[in-house]
Amino acid sequence: MQSITTIADLRRRVSLWRQAGERIALVPTMGNLHAGHLQLVETARRQANHVVVSIFVNPMQFSDASGGDFEHYPRTFEVDQKKLMESGVDLLFFPAQEEMYPAGFKNVTRVMVPGISDILCGVFRPSHFVGVATVVAKFFNMVQPDVAVFGEKDYQQLLVIRRFTEELCFPVEIIGVPTVREADGLAMSSRNQYLSAEERQRAAALYRTLQTAKERLISGEGDIAAIESDAEKTLREAGFCPEYFTVCRADDLQPATTADTALVILTATWLGETRLIDNIQLRRHGAAPA
Ligand code: PAF
């Protein structure tokens, strides 16, 4: 595996593969890699001749890029590099902030995906998806991959990326990979390490609550608002501070009605100082009206 830091080197390397008619897959990450990321790499390997992984903690998608969450985001480059080498990655792109945003990122050209970016997590993290869409679009232009692979744990992010890829005509196939979970159901996330031992135990209730809501929907219950508010109550009683717990249409994240069959239940919640997100998808065959 080659590790490179400049866009010029990256372009040189991928253009050789492209000239040889070989397929390239991209897995963008912010590092601190866990089994969920390695599952993305594994999927990418099945899709292409060459896998490029980027590690870049993107300041533009943090609300406070000069401190707080951005500063404290775990950076574990050496360990990540070793994991990627062992996973058969061809190229690791690890740019510095100046390489990605030579003129800073405050007044830089940006990619906005209205509507889908402004709901759910977008309400609580207003500029987050602009930062995500902008950096992913930059990676698409730098790597020019045939496919790009993202986790379904960040379900809203996946839809934002699918939308701009289609609407800006990037010739990139977007592949979503199911969430990898710990034994007790907690979705793998770099942020899980912020949880205290006691919070980590309690965190399993998040997935259980999603599952309970899913079972109620599948059993045909029609009162979606009741399912949502019961789940929020369960989470509060378990010590969480939910931002939202909501049942949406899987394709556009609009509030689900009893007529919709492809659904996703999404939640974002605080547990102590840690913000956790998770979701669960389901199909159901019509429901009794509320
Ligand atoms: O999901 C992530 O890790 C990030 O949002 C991404 C897609 C790498 C963009 O910085």
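The rules we used
- Residues numbered from 1 in each chain as written.
- Predicted model: local features only at pLDDT ≥ 70, side-chain atom pairs only at ≥ 80, totals over all residues.
- Heavy atoms only, no water.
- Helix = DSSP H or I, 4+ residues; strand = E, 2+ residues; numbered from the N terminus.
- Phe/Tyr/Trp six-rings, centres within 6.5 Å; stacked < 30°, edge-to-face > 60°.
- Buried < 20%, exposed > 50% of the residue type's maximum accessible area, 1.4 Å probe, protein only.
- Lys NZ or Arg CZ within 6 Å of the ring centre and 35° of its normal.
- Salt bridge = Lys/Arg side-chain N within 4 Å of Asp/Glu carboxyl O.
- Lys, Arg positive; Asp, Glu negative; His and termini not counted.
- Polar contact = N/O pair within 3.5 Å; in protein donor to acceptor, adjacent residues only side chain to side chain.

Brief notes about unusual backbone geometry
- Backbone geometry at N32 places phi at a positive 50 degrees, although glycine is not the residue there.
- The topology assignment puts N32 in the loop between β2 (24-29) and α2 (35-47).

Focus: the packing of aromatic side chains
- With the rule as written, the count across this model stands at ten aromatic pairs.
- Plain terms: the ring middles of F140 and F170 are 5.5 Å apart, the flat faces sit at 75 degrees to each other, and that makes the pair edge-to-face. Of the two residues, F140 is situated in helix α7 (residues 128-143) and F170 in the loop between α8 (155-167) and β6 (173-177); the sequence distance between them amounts to 30 residues. With respect to class, F140 is no different from F170; both count as buried.
- Each member of the aromatic cluster is reached from another via a ring pair, and the members are F56, Y101 and F105.
- Residue placement shows R75 over the ring face of F70; its charged tip is 4.8 Å from the ring centre.

Considerations on the pattern of salt bridges
- Inspection of every chain in the model, using the stated rule, returns 15 salt bridges.
- Here D230 ties to R216 by a salt bridge, and the two come within 2.7 Å at their closest N and O atoms. One end of the pair, D230, is in helix α11 (residues 224-237); the other, R216, is in helix α10 (residues 204-218), and 14 residues separate them in sequence.
- Residue classification places D230 among the partly exposed positions, given a relative accessible area of 33%.

Let's talk about the side chain of D260
- Of note, D260 is situated in the loop between β7 (241-249) and β8 (262-271).
- No salt bridge is formed by the buried D260; its nearest oppositely charged neighbour, R249, is found at 4.4 Å.
- Side-chain polar atoms of D260 contact the backbone nitrogen of T257, separated by 2.8 Å.

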